[in-house]
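Coordinate analysis (summary)
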Amino acid sequence: MFAVGIDIGSTASKAVVLAEDGAVAAKAIVPIGTGTVGPARVFSQVLEKAGITREDVGWITATGYGRFSFEGINDQKSELSCHAKGISHLLPGTRTIVDIGGQDIKVMRINDKGLLMNFVMNDKCAAGTGRFLDTMAKVLDVDVTNLSELSFRADEAAEISSTCTVFAESEVISKLAANVKLENIVAGIHKSVARRVASLVQRVGVQLQVAMSGGVALNQGLVHSLEEEIDCQIQVHEDCQLAGALGAALYAYGSMQSA
Ligand code: ADP
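Quick summary incoming for the structure in this document. All values reported here derive from a predicted model rather than from experimental measurement.

Things to note about the pattern of salt bridges
- The full count for this structure, using the stated rule, is 12 salt bridges.
- Residue Lys 14 is joined to Asp 7 by a salt bridge in which the shortest nitrogen-to-oxygen separation is 4.0 Å.
- Residue Asp 7 is classed as buried on the basis of its relative accessible area of 5%.
- Across the pair Lys 106 and Asp 99 runs a salt bridge, and its minimum N-O distance is 3.3 Å.
- The class of Lys 106 is buried, set by a relative accessible area of 2%.
- For Asp 99, a relative accessible area of 3% translates into the label buried.
- Residues joined in a network through salt bridges with shared partners are Arg 67, Glu 79, Asp 99, Asp 104 and Lys 106.

Dropping the structure here:
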């Protein structure tokens, strides 16, 4: 039997299937999250990729913001526990995790067994989250996946002093009107997010190794800005956005074995 972890986020749905030997059999990401068809779609996609049907699944563990709304699961686990488990599997030796998703930022301290020891989270405000970057990309009329490359082409970071999404949006519009280079505005946006995230990191304290999880970690420009703010290297695995789903799948695998 196969084990499935499904991470129903605010912005994206992610799923991982583990085979009978515990190896990853399939993974899938659908860029729409809770309250949409995203969770059902990612579940059918991941089964199809693994070449299995629902009957071949022995255990499903859900995590993420929308984890209580998915029917047919065996159990659910918090995002914090799943990211901790997923990242320590992908990047053993990690002690500090910075997870930036669509609507929240979490900084976690984990021990050598991948167990959560301490964490801080942003308040309800979108400042510094994926949503903030998505909004800024829209104002600049660029795709969020191009922000990284643009920021690396900047010659200096424009000053974006507001962390509030609404005020920062007006600031970006006035920079555009003043003919500030697009690349410099993007670098300024990254710097403003990095400053905000760094203040949360400081509250938990930097303990090496530091890793990032969540979709925003795919933005290398932002990762680079955060490295400058916290003055240390940050590890990013190519499956960073799947860390929560992988953690849930590992929990599902464990529960299936002991059931
Ligand atoms: P959640 O779990 O809250 O749904 P995710 O961890 O899946 O969030 O991250 C979603 C965020 O990741 C979105 O805001 C999106 O902008 C960002 N993102 C996804 N892919 C990329 C990419 N290739 N480059 C930059 N940002 C990305």
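A few points about the environment of Leu 182
- When you line up the elements, Leu 182 lands in helix H6 (residues 182-204).
- A relative accessible area of 25% means that Leu 182 is categorised as partly exposed.
- Residues Leu 182 and Glu 238 lie 56 residues apart in sequence; the distance between their C-alpha atoms is 27 Å.

A few points about helix H3 (residues 130-140)
- Taken together, the buried positions of H3 are Gly 130, Phe 132, Leu 133, Met 136, Ala 137 and Leu 140. Viewed along the axis of H3, the buried residues span an arc of 155 degrees, placing them on a single side of the element.
- Looking at the packing, one finds that the buried side of H3 touches strand S6 (96-100), helix H4 (147-152), helix H5 (165-177), H6 and helix H7 (220-230).
- Two residues or fewer past H3, Asp 141 is found with a positive phi of approximately 60 degrees.

What about the sheet that holds strand S7 (residues 105-110)?
- The strand order across the open sheet built from five strands is S8-S7-S6-S9-S10, with neighbouring strands paired in mixed fashion. The open sheet has two edge strands with one neighbour each: strand S8 (116-121) and strand S10 (234-236). With strand direction ignored, the average angle separating the axes of adjacent strands in the sheet is 25 degrees.
- Strand direction decides the pairing type here: S6 and S7, joined by five bridges, are antiparallel. Residue pairing for S7: Thr 96 is matched across the bridge by Arg 109.
- On the sheet, H6 packs against S6, S7 and S8 and is oriented at approximately 25 degrees with respect to S7.

Conventions and cut-offs
- Residues numbered from 1 in each chain as written.
- Predicted model: local features only at pLDDT ≥ 70, side-chain atom pairs only at ≥ 80, totals over all residues.
- Heavy atoms only, no water.
- Salt bridge = Lys/Arg side-chain N within 4 Å of Asp/Glu carboxyl O.
- Buried < 20%, exposed > 50% of the residue type's maximum accessible area, 1.4 Å probe, protein only.
- Helix = DSSP H or I, 4+ residues; strand = E, 2+ residues; numbered from the N terminus.
- Arc of directions from axis to C-beta.
- Contact = heavy atoms within 4.5 Å.
- Pairing = 2+ DSSP bridges.
- Axes fitted to C-alpha atoms, helices over the stretch in contact; angles between N-to-C directions.

So far we have only geometry, and geometry alone does not tell us how the molecule works.
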